[in-house]
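Read off the chains here:
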Amino acid sequence: MYKYIIKRLLMMIPVLLGVTFIVFFILNVSPGDPAAMILGDRASAEALAMKREELGLNDPLLIRYFNYIVDMLHGDLGTSYKNSLSVWEQVTERFPNTAILALCGICVALIIGIPTGIISAKKQYSIMDNCSMVLALIGVSMPVFWLGLLLVIVFSLNLGWLPSQGMGSGGMELVKSLILPSITLGTMSAATITRMTRSSMLEVIRQDYISTARAKGVSERTVTMKHMLRNALIPIVTAVGLQFGSLLGGAMLTETVFSWPGLGRLMVDSIKSKDIPMVLGSVVFMAVMFSVVNLAVDIIYAYIDPRIKSQYKKK
Amino acid sequence: MAENNKLLEVKDLVIRYETDDGVVEALNGVSIDIYTGKTLGLVGETGAGKTTLAKGILRLIPSPPGKIVGGEVIYDGKDLLKISEEEMRKIRGKHISMIFQDPMTSLNPVMTVRDQIMEVILQHNRISKKEAEKRAEDMLELVGIPAERGHEYPHQFSGGMKQRVIIAIALACQPKLLIADEPTTALDVTIQAQVLDLIQKLKTRDNTSMLLITHDLGVVAQTCDYVGIVYAGEIVEYGTLREVYKDMRHPYTKGLMASIPNLVENVRRLQTIEGLMPDPTNLPKGCKFSDRCKYATDKCREKVPEMVNVGGEHMVRCILAQQEK
């Protein structure tokens, strides 16, 4: 098992190299001169040339990439072009805000998604099932920013119950400011999780061991939770993990709509100002988060399904 | 057999499946009696309705599409089809338990086998977890599995071992009736005999009655006291083992017996019964076997023949057999 985890951690290295290279390359071929962005329009040609030399922009692409990786391995993600602050510090400063939003979002999704999925599967083709499938379809297809704006219009502008912008500091204020963005984020994930729960429940619902369980005389509730859900869990955990991973990377649209000071917005702002080190730093950070969540999901598999655990042991 | 020894009585049970392709008439008025400590074997082809009958007794027919249309299942003076789900749950596993066909898929893959045995024990007995654990381990030893393997998962067991675990689950609460739905079909021949012996042994120990469903006439001859031959959702011949095997009356039973390969005579081709089982969504009006029967007359196709007693407890659903009498 530990061997497997170490192996997976090592496998993250090529993934991260690939991600950084692609982002590095794309940002370099995109138009605009970072030196001019830092010094402003009125800078002299000499000043610009000096700045470029200082930033190492005159080196060949591969050498710059190599230098970046060496710095990254020393824990240095570079300094922002915009405000000359350490990228690492800014990213880690923003990350907790994104993390708390992601956590609340995924909770909303789980609370809605799993029970709805279970009921839909158990009452397949009932009115309840059809309704929730239509709602799930709407949930998946609705643009996030549009849902966010609708929620703002209703609950902030018309009813005035909840704040529409920013992150409240401490206690009640924080909770209040979390509600709308969490619902916005959670809705789409909830829809995906509902569909996943339903389909994987349907797969186990007619299994022979379900009949065995019923023949033991246990209650339908136990049959559902202990026998069906436990066996249906693997695809659900996968879906939840993927959703959570992408939420941790910062939900750019939601964070922008609600002016949430998280990673997603940091990245959007950095892209706008062509702050290359900042964008790179955020992307690398997101990629690491995503890989870590995926690894966590794979480890959880082993605890859900003993068959997978014995496979891990063999490796 | 004396009336008071009757443990379970199924009367005129009718079960249908309502599917998109029409109504499947799976069971058309089946009546059987099961006596205390005795074994009734039900023999028939795949799709004859044997499993439906077994699941029907325990009310485990998936609904929809399945539906129990009529009949009675009398156990302990109560009609199991009329009692509440709550009461039915107390019967399942404790009074009547079931062994399913395929041991490979009948155990929950994510629970240890000991937990699966414990589940049924805890459900029906007010005892501590520790005691239940002990009993589950005793049960494992009883079916010939070392107790320390109890913490293993089903995928670590072979097919025969899994069937032993399933038997342990079924018999953990010492039920009055064991329904075994083709318990050996999915197993290797060498393991089949072991499993059957085990069932026999435990059954004798607790004086458990058994409803054994199979399509293996040899197994029936070895283990059963009574035999029912099932065809297209009906019992076509019923009686004690001796009556049915020594004096078979129904052409279908004769066909089944003839299809057992004979080792003594030099036979080139195996005997078969011509044709296929009728489509259960569109059963013939008269005798269900008439389309495949060598002796069928127009009279056979008019109306379903009644079950007729041909001596002793021997009953046959065939016009010809009645005439012979």
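Just so it is clear, the model here is predicted, and its values are computed rather than measured. (Residues numbered from 1 in each chain as written. Chains lettered and ligands numbered in written order. Predicted model: local features only at pLDDT ≥ 70, side-chain atom pairs only at ≥ 80, totals over all residues. Heavy atoms only, no water.)

## Quick look at the overall build of chain B
Phase 1 of the analysis: What chain B contains, in helices and strands, is eleven helices and twelve strands.
Phase 2 of the analysis: Since a compact globule built from 325 residues should have a radius of gyration of about 20 Å, the 20 Å found for chain B is in line with a globular shape.
Phase 3 of the analysis: For chain B, the residues scored as buried account for 54% of the 325 residues in total.
Phase 4 of the analysis: Across chain B, the fraction of contacts at a sequence separation of at least 24, relative to all contacts at a separation of at least 6, is 65%.
Phase 5 of the analysis: Accessible surface for chain B amounts to roughly 15200 Å². Of this, 48% is attributable to carbon and sulfur atoms.
Phase 6 of the analysis: Across chain B, 42 positive and 45 negative side-chain charges occur, with their mean positions spaced 2 Å apart. (Helix = DSSP H or I, 4+ residues; strand = E, 2+ residues; numbered from the N terminus. Rg over C-alpha atoms; globule rule 2.2 N^0.38 Å. Buried < 20%, exposed > 50% of the residue type's maximum accessible area, 1.4 Å probe, protein only. Contact = heavy atoms within 4.5 Å. Areas by Shrake-Rupley, 256 points an atom, 1.4 Å probe, with all protein chains shown as cover. Lys, Arg positive; Asp, Glu negative; His and termini not counted. Charge placed at Lys NZ, Arg CZ, Asp CG, Glu CD.)

## Observations concerning the interface of chain B and chain A
Phase 1 of the analysis: At the junction of the two partners, chain B supplies 25 residues and chain A supplies 21 residues.
Phase 2 of the analysis: Contact between chain B and chain A buries roughly 2100 Å² in total, counting both sides, with carbon and sulfur atoms accounting for 58%.
Phase 3 of the analysis: Along the contact surface separating chain B from chain A lie two salt bridges.
Phase 4 of the analysis: Of the charged contacts in the structure, one is a salt bridge between B:E119 and A:K216, with a shortest N-O distance of 2.8 Å.
Phase 5 of the analysis: In this structure, the connection of chain B to chain A is made through 13 residue pairs in polar contact (both at pLDDT 80 or more).
Phase 6 of the analysis: Looking at the side of chain B that touches chain A, the element that brings in the most residues is helix α3 (residues 113–124) of chain B, giving five residues.
Phase 7 of the analysis: Looking at side-chain class alone, the side of chain B that touches chain A contains twelve nonpolar, eight polar and five charged residues. (Buried area = accessible area lost by both parts, 1.4 Å probe. Salt bridge = Lys/Arg side-chain N within 4 Å of Asp/Glu carboxyl O. Polar contact = N/O pair within 3.5 Å; in protein donor to acceptor, adjacent residues only side chain to side chain. Nonpolar A, V, L, I, M, F, W, Y, C, P; charged D, E, K, R; others polar.)

## Focus: the sheet that holds strand β1 (residues 6–19) of chain B
Residue and element names in this part refer to chain B.
Phase 1 of the analysis: The strand order β2-β1-β4-β5 describes an open sheet built from four strands, whose pairing is antiparallel. Lying at the two open borders of the sheet, with one neighbouring strand each, are β2 (22–35) and β5 (78–79).
Phase 2 of the analysis: Each of β1, β2 and β4 (66–75) is contacted by helix α1 (residues 50–57), which is oriented at about 115° to β1, the strand it contacts most. (Pairing = 2+ DSSP bridges. Axes fitted to C-alpha atoms, helices over the stretch in contact; angles between N-to-C directions.)

## Topic: the pairing of β1(B)
Residues and elements named next belong to chain B.
Phase 1 of the analysis: Pairing of β1 with β2 involves eleven bridges; the strand directions are antiparallel. Counterpart to L8 in the pairing with β2 is I34.
Phase 2 of the analysis: Connecting β1 to the antiparallel partner β2 that follows it, the hairpin turn spans two residues.

## Quick word on the environment of B:Y35
Phase 1 of the analysis: Structurally, the position occupied by B:Y35 is in strand β2.
Phase 2 of the analysis: Separated by 26 residues in sequence, B:Y35 and B:E9 have C-alpha atoms that sit 8.8 Å apart.

## Examining the environment of B:M277
Residue and element names in this part refer to chain B.
Phase 1 of the analysis: With respect to the element layout, M277 can be found in the loop between α9 (251–258) and α10 (298–302).
Phase 2 of the analysis: Between the C-alpha atom of M277 and that of E306, which follows or precedes it by 29 residues, the distance is 20 Å.
Phase 3 of the analysis: Apart from the residues lying within four places of it in its own chain, the contact partners of M277 are E45, T46, G47, A48, Y231, A232 and R292.

## Describing a nonpolar patch on the surface
All names here are of chain A.
Phase 1 of the analysis: A cluster of nonpolar side chains, namely F145, W146, L149, L150, I153, V154, L157, L159, W161 and L253, defines an oily patch on the protein surface of about 960 Å² accessible area.
Phase 2 of the analysis: No other element matches helix α7 (residues 144–158), which puts seven residues into the nonpolar patch.
Phase 3 of the analysis: Positionally, L253 belongs in helix α11 (residues 252–257).
Phase 4 of the analysis: Given the relative accessible area of 48%, L253 is considered partly exposed. (Patch = residues over 30% accessible without salt bridge, like charges linked within 9 Å, V, L, I, M, F, W, Y side chains within 5 Å.)

## Some details on the pattern of salt bridges
Phase 1 of the analysis: Tallied over the full model, the rule gives 24 salt bridges over all chains.
Phase 2 of the analysis: The partner of B:K288 in a salt bridge is B:E234, with the nearest N and O atoms 2.8 Å apart. Placement of the pair is B:K288 in the loop between α9 and α10 and B:E234 in strand β10 (residues 234–240), with a sequence separation of 54 residues.
Phase 3 of the analysis: Judged by relative accessible area, which is 8%, B:K288 ranks as buried.
Phase 4 of the analysis: A single salt-bridge network, built from bridges that share partners, covers A:K122, A:R214 and A:E220.

## Comments concerning the sheet that holds β10(B)
Hydrogen bonds along the backbone pair up the strands of a sheet, which may run parallel or antiparallel.
All names here are of chain B.
Phase 1 of the analysis: Overall, mixed pairing links the eight strands, which are arranged β6-β7-β8-β3-β9-β10-β12-β11 in an open sheet. In this open sheet, the two edge strands, each paired with only one partner strand, are β6 (96–99) and β11 (308–309).
Phase 2 of the analysis: Each of β6 and β7 (177–181) is contacted by helix α5 (residues 159–171), which is oriented at about 175° to β6, the strand it contacts most.
Phase 3 of the analysis: Most of the contacts of α9 go to strand β9 (residues 226–231), to which it runs at about 100°, and overall it touches β3 (39–43), β9 and β10.

## Concerning the confidence of the model for chain B
Phase 1 of the analysis: This prediction gives chain B a mean pLDDT of 85; 97% of its residues lie at or above 70.
Phase 2 of the analysis: On the interface metric, ipTM, the complex scores 0.83, and its pTM is 0.81. (pLDDT = per-residue confidence, 0-100.)

## Concerning the environment of B:V120
Phase 1 of the analysis: Considering the arrangement of structural elements, one finds B:V120 in helix α3.
Phase 2 of the analysis: Classification of B:V120 as buried rests on a relative accessible area of 1%.

## Observations regarding the packing of aromatic side chains
Residues and elements named next belong to chain B.
Phase 1 of the analysis: Per the stated rule, a full pass over the model turns up twelve aromatic pairs over all chains.
Phase 2 of the analysis: Judged by centre distance (5.4 Å) and plane angle (40°), the ring pair of Y35 and Y226 falls under tilted. Placement of Y35 in strand β2 and of Y226 in strand β9 is noted, with a sequence separation of 191 residues between them.
Phase 3 of the analysis: Taking relative accessible area as the criterion, Y35 reaches 7% and is therefore assigned buried.
Phase 4 of the analysis: On the basis of an interplanar angle of 20° and a centroid distance of 6.4 Å, the ring pair of Y226 and Y238 is categorised as stacked. (Phe/Tyr/Trp six-rings, centres within 6.5 Å; stacked < 30°, edge-to-face > 60°.)

## A word on α9(B)
All names here are of chain B.
Phase 1 of the analysis: The buried fraction of α9 is high, at six of eight residues.
Phase 2 of the analysis: Taken residue by residue, α9 has P251, Y252, T253, G255, L256 and M257 as its buried positions.
Phase 3 of the analysis: On its buried face, α9 sits against β3, α7 (217–223), β9, β10 and α8 (241–246).

## Re the nonpolar core
Phase 1 of the analysis: One finds B:L8 and B:I96 to be the most contacted residues of the largest nonpolar core, which totals 97 residues.
Phase 2 of the analysis: In this view, B:I96 contacts B:L8, B:I57, B:L58, B:Y75, B:L80, B:I91, B:P175, B:L177 and B:I179; residues no more than four positions away in its chain are not counted.
Phase 3 of the analysis: Core analysis: the next-biggest nonpolar cluster, separate from the first, contains 67 residues, A:V23, A:F95, A:V223 and A:Y301 among them. (Core = buried A, V, L, I, M, F, W, Y, C linked by side-chain atoms within 4.5 Å.)

## Concerning unusual backbone geometry
Phase 1 of the analysis: Positive phi, normally seen in glycine, also occurs at A:S259, with a value near 45°.
Phase 2 of the analysis: Assignment of secondary structure puts A:S259 in the loop between α11 and α12 (263–272).
Phase 3 of the analysis: Assessed through its relative accessible area of 23%, A:S259 is described here as partly exposed.
Phase 4 of the analysis: Of note, the phi angle at B:N207 is positive, near 55°, even though the residue is not glycine.

## Details of the confidence of the model for chain A
Phase 1 of the analysis: Averaged over all residues, the pLDDT of chain A is 86; the fraction at 70 or higher stands at 99%.
Phase 2 of the analysis: Taken element by element, the predicted model of chain A shows its lowest mean pLDDT in helix α2 (residues 34–39) of chain A (76) and its highest in helix α5 (residues 87–122) of chain A (91).

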